[in-house]
There are 2 protein chains.
Amino acid sequence: MSEKIIVALDAMGGDFAPIETVKGAIEAIKVENSLHVSLVGREDAIQSELAKYEYNKEQISIVNATEVIEMAEPPVLAIRKKKDSSIVRAMQLVKEGKADAFVSCGSTGAVLVGGQVLVGRIPGVERPPLAPLIPTVDGFALLIDCGANVDAKPSNLVQFAKMGSIYMKNIMGIENPRVGIVNIGAEEEKGNALVKETFPLLKACPDINFVGSVEAREIPYGAVDVIVCDAFVGNVILKLYEGVGGAFVKVMKASMMETARGKIGGALVKPGMKKVMSKFTSSEYGGAPLLGLKGLVVKSHGNSTAVEVKASILQCLEFKKNDINGKIRESLSTSEL
Amino acid sequence: MSEKIIVALDAMGGDFAPIETVKGAIEAIKVENSLHVSLVGREDAIQSELAKYEYNKEQISIVNATEVIEMAEPPVLAIRKKKDSSIVRAMQLVKEGKADAFVSCGSTGAVLVGGQVLVGRIPGVERPPLAPLIPTVDGFALLIDCGANVDAKPSNLVQFAKMGSIYMKNIMGIENPRVGIVNIGAEEEKGNALVKETFPLLKACPDINFVGSVEAREIPYGAVDVIVCDAFVGNVILKLYEGVGGAFVKVMKASMMETARGKIGGALVKPGMKKVMSKFTSSEYGGAPLLGLKGLVVKSHGNSTAVEVKASILQCLEFKKNDINGKIRESLSTSEL
């Protein structure tokens, strides 16, 4: 029998909670017997969702939490004040070792703050990065950091590169992942002060496969597997990806509707376009891990449905099986950082 | 008779020079009698291109320059060493008042360095920004800065906002252009140190229409007319726009080719798609002005054809007619900056 893995799920987080979160949990436990999901949130709301399904009662439990942190709330204040919120309660479970991982589709800010304050960092980790997988023409790449570290230091970025490499190798199965730093030109002397200082540190790093600068233009073509940047730049990349893709489809649809020919062609290409759209606008690879914490924290998109919730929960299994945190600890202790 | 306007054109700059540069100049002078273009570059090469056309000889002259600055050359060194290059010679014409404006499709780095060193800044301008127009679903927006100011200060960004507003109002005809600062959330307290410091300064600025933060996701939808950011972020936005659009088309084409239905539909939507692609990948609005210099400098894309060269040259007419530099001077002197 394999070791039991307990995932605490923020049952109240996200646009479609608790309907889709509970459904995602039910679907996840059916895939893996060793998985137990603790649904954290309003007991009555969760209970009435659970009543819809047949499932193995030993794999699901409810942890009551009466409060919900809303998307628009200031994160630091919310974490401090709402002690009985699903996010705070669930993170405490991870901290106390009652859960191995935490998954939330709720407020990114609250998850980031809670991760640092409640779960705590692995010793040696300076700043835990949030690292979503973004789509490329032939796969995906890890964009690290999209979290809270908007004014990062060079040593932070070096840690991001290491943690991102470990994740891509062990969770996503990419051998020797290529690491690039986001820059405005390929030459080593290009960049802002942060990039210029970080570049030689990454170059000197023995345990990563640093391939140099990556220009934003090359990212969608899959030029690198681990995209290193500060969280301000990372957020701009993540959001622009979404925006350009969506705007592109909008103008294309409008142009098709201008002629009869375009209308007919548009109807024919619609299924293919939908596939492309889903590839370019949502992550098929579960949620974004907040790396470097004592327990795993996974942030799934606010508009996640059961499919994404399930994927994010199952991702936690791999994370524990592969002992990612052990590997991060080892990687940081063997280097000078 | 209207005042004569002299534009110095880097005849040797760009992927298709001197063929397309000379052609663009010929097409531009046919539009406007008051325009004179000084073709700067290798006399023999220019001469043999000019021989292909019928045109008013009084509107074209050649200024011989035997050297060419290549795209890959380090800009500072190139400007210093290649005194007889088309870029250096042309910029000297602007500096000496022998030309009103300079247009180049050559090395962006050399144009940025040359603009500062040779043409010189308007007194009061801290750093001249490069400001391309990027496409949106219903028009275009000015992305300021995409130049060399990768570690900008708050006061630089305030000047960018002012200069960008003047440009959009007077050249692009947008009344009361909406100014936004690129940020990772809509709230005032969000952002990195630079954005947090700049936000209240922009808010307090009386002569611009500041609408607050703009998230990268909203940029392609035309949320603002003037997009203010440091040049590192600006370059990431500009390049990612190109990359996501191109990658999107690539995966969409591939998905269409998978089925007979998709192939037929694809053939039907092709003309419409081409239109969308050209809208989203190239600027239809001439080149990017380098604002805040004593003379106008316009950087056109390296792969510009005669159409873009012509547009960039004609843009200079509007710039002079509207006395943009006079307006910039006035705007900076009436404020505390």
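All figures in this text were calculated on a predicted structure; none of them were measured in a lab.

> Explain the overall build of chain A here, please?
Helix and strand counts for chain A stand at eleven helices and eleven strands. Projected onto its principal axes, the C-alpha coordinates of chain A cover approximately 65 × 55 × 40 Å. Across the 337 residues that make up chain A, the buried fraction comes to 60%. Taking the intrachain contacts of chain A between residues at least 6 apart in sequence as the baseline, contacts between residues at least 24 apart amount to 73%. Entry remark: accessible area of chain A is about 13500 Å², with carbon and sulfur atoms responsible for 53%. Separation of charge centres in chain A, based on 39 positive and 39 negative side chains, amounts to 3 Å.

> I tried to follow the interface of chain A and chain B on my own but got confused; where do I start?
Many analyses report the size of an interface as the accessible area lost when the parts associate. Contacts between chain A and chain B engage 53 residues on the former and 53 residues on the latter. In this assembly, chain A packs against chain B so that about 4800 Å² is buried in total across both faces, 76% of it on carbon and sulfur atoms. Of all residues in chain A, the largest losses of buried area upon contact with chain B belong to Phe232(A), Leu240(A) and Phe248(A), amounting jointly to 15% of the total for that side. In this assembly, chain A and chain B are joined by four salt bridges.

> Help me understand the packing of aromatic side chains, please; the structure alone is not making it clear to me.
Any aromatic ring pair is given by two values, namely how distant the centres are and how the planes are angled relative to each other. Within this structure, the stated rule accounts for five aromatic pairs over all chains. Between Phe199(A) and Phe210(A), the aromatic rings sit 5.1 Å apart at their centres with planes inclined by 75°, giving edge-to-face as the arrangement. Linking Phe199(A) in helix H7 (residues 193-203) with Phe210(A) in strand E8 (residues 209-215), this pair joins segments that are eleven residues apart in sequence. Assigned by exposure class, Phe199(A) and Phe210(A) land together as buried. Here Tyr167(B) and Phe319(B) contribute two aromatic rings whose centre-to-centre distance is 6.4 Å and whose plane-to-plane angle is 45°, an arrangement assigned as tilted. Highlighted residues: Tyr167(B) in helix H6 (residues 154-170) and Phe319(B) in helix H10 (residues 306-321), separated in sequence by 152 residues. For Phe319(B), a relative accessible area of 7% puts it in the buried group. Between the NZ or CZ atom of Lys57(A) and the centre of the ring of Tyr55(A), over which it lies, the distance is 4.2 Å.

> Help me understand the nonpolar core, please; the structure alone is not making it clear to me.
Proteins that are soluble and globular tend to have nonpolar side chains buried together. Core analysis: the biggest nonpolar cluster contains 166 residues, and Leu39(A), Ile313(A), Leu39(B) and Ile313(B) have the highest contact counts within it. For Leu39(A), the contacting residues outside a window of four places in its chain are Leu9(A), Ala11(A), Val22(A), Ala25(A), Ile46(A), Leu50(A), Ile60(A), Ser61(A), Ile62(A) and Val63(A).

> Help me out: how do you make sense of the side chain of Lys82(B) in this one?
Residue and element names in this part refer to chain B. Take Lys 82: it is sitting in the loop between helix H3 (75-81) and helix H4 (86-95). Within the local environment of Lys 82, its side chain forms a polar contact with the side chain of Glu 73, the two groups lying 2.7 Å apart. If near-sequence neighbours (up to four positions away) are discounted, Lys 82 is found in contact with Glu 67, Val 68, Ile 69, Glu 70, Glu 73 and Val 88.

> Would you explain the packing of helix H8 (residues 231-256) of chain A against helix H8 (residues 231-256) of chain B in this entry?
Running from N to C, H8(A) and H8(B) point in directions that differ by 45°, and their axes come no closer than 9 Å. Viewed along their axes, H8(A) and H8(B) adopt a mutual orientation that is oblique. Judged by the twist between their axes, the crossing of H8(A) over H8(B) is right-handed. Of H8(B), the residues touching H8(A) (which contributes Phe232(A), Val233(A), Val236(A), Ile237(A), Leu240(A), Tyr241(A), Val244(A), Gly245(A), Phe248(A), Val249(A) and Met252(A)) are Phe232(B), Val233(B), Val236(B), Ile237(B), Leu240(B), Tyr241(B), Val244(B), Gly245(B), Phe248(B), Val249(B) and Met252(B). Of the residues contributing to the contact of H8(A) with H8(B), the split by class is 20 nonpolar, two polar and no charged.

> What's the story with the environment of Ser48(A) in this structure? I'm lost.
Along the chain, Ser48(A) falls in helix H2 (residues 43-50). Once the C-alpha coordinates of Ser48(A) and Ile174(A) are considered, the two residues, 126 residues apart in sequence, prove to be 41 Å apart.

> Please explain the pattern of salt bridges as it appears in this structure.
Oppositely charged side chains can pair when the atoms bearing their charge come close. Taken as a whole and assessed by the stated rule, the structure comprises 20 salt bridges over all chains. The residue Lys239(B) makes a salt bridge to Glu215(A) at a minimum N-O spacing of 3.0 Å. Of the two residues, Lys239(B) is situated in helix H8 and Glu215(A) in strand E8; the pairing between them involves two chains. Here Lys239(B) and Glu215(A) have matching classes, each one buried. What you see here is one network of salt bridges that share partners, running through Glu215(A), Arg217(A), Lys239(B) and Glu242(B).

> Mind showing me how you'd approach the packing of helix H1 (residues 19-31) of chain B against H10(B) here?
The relative placement of two packed helices comes down to the angle between their axes together with the axis-to-axis distance. Residues and elements named next belong to chain B. Two elements in contact, H1 and H10, have axes separated by 7 Å at closest approach and are oriented at 50°. Taken together, H1 and H10 sit at an angle that is classed as oblique. Crossing hand, H1 versus H10: right-handed. Every residue of H10 that contacts H1 at Glu 20, Thr 21, Lys 23, Gly 24, Ala 25, Glu 27, Ala 28 and Val 31 is listed here: Ala 306, Val 309, Lys 310, Ile 313 and Leu 314. Of the residues in the contact of H1 with H10, the class split is seven nonpolar, two polar and four charged.

> What is the right way to read the sheet that holds strand E9 (residues 226-228) of chain B from this model?
Strand pairing in a sheet relies on backbone hydrogen bonds, with the paired strands running either antiparallel or parallel. Residue and element names in this part refer to chain B. The five strands lie next to each other as E5-E6-E9-E7-E8, forming an open sheet whose pairing is mixed. Every interior strand has two partners, whereas the edge strands, strand E5 (133-136) and strand E8 (209-215), have only one. If you compare each strand with its neighbour and ignore which way they point, the axes differ by 35° on average. Note that strand E7 (residues 178-183) and E8 share six bridges and pair parallel. Bridge assignment links Gly 180 to a residue of E8, and that residue is Gly 212. This element, H6, spans E5, strand E6 (139-144), E7 and E9 of the sheet and lies at about 150° to E6.

> Is there a simple way to think about the pairing of E7(B) in this case?
Each regular strand carries side chains that alternate between the two faces of the sheet. Residues and elements named next belong to chain B. Summarising burial for E7: five of the six residues are buried, a large majority. The parallel pair E7 and E8 is bridged by helix H7 (residues 193-203), and the resulting crossover is right-handed. Bridge analysis of E7 against E9 gives three bridges, and the strand direction is parallel. If you follow Ile 181 over to E9, its bridge partner there is Val 228.

Conventions adopted
Residues numbered from 1 in each chain as written. Chains lettered and ligands numbered in written order. Predicted model: local features only at pLDDT ≥ 70, side-chain atom pairs only at ≥ 80, totals over all residues. Heavy atoms only, no water. Helix = DSSP H or I, 4+ residues; strand = E, 2+ residues; numbered from the N terminus. Buried < 20%, exposed > 50% of the residue type's maximum accessible area, 1.4 Å probe, protein only. Contact = heavy atoms within 4.5 Å. Areas by Shrake-Rupley, 256 points an atom, 1.4 Å probe, with all protein chains shown as cover. Lys, Arg positive; Asp, Glu negative; His and termini not counted. Charge placed at Lys NZ, Arg CZ, Asp CG, Glu CD. Buried area = accessible area lost by both parts, 1.4 Å probe. Salt bridge = Lys/Arg side-chain N within 4 Å of Asp/Glu carboxyl O. Phe/Tyr/Trp six-rings, centres within 6.5 Å; stacked < 30°, edge-to-face > 60°. Lys NZ or Arg CZ within 6 Å of the ring centre and 35° of its normal. Core = buried A, V, L, I, M, F, W, Y, C linked by side-chain atoms within 4.5 Å. Polar contact = N/O pair within 3.5 Å; in protein donor to acceptor, adjacent residues only side chain to side chain. Axes fitted to C-alpha atoms, helices over the stretch in contact; angles between N-to-C directions. Parallel < 35°, antiparallel > 145°, perpendicular 65-115°, else oblique. Left-handed = near helix turned anticlockwise from the far one by under 90°. Nonpolar A, V, L, I, M, F, W, Y, C, P; charged D, E, K, R; others polar. Pairing = 2+ DSSP bridges. Right-handed = clockwise from strand over helix to strand, strands pointing away.

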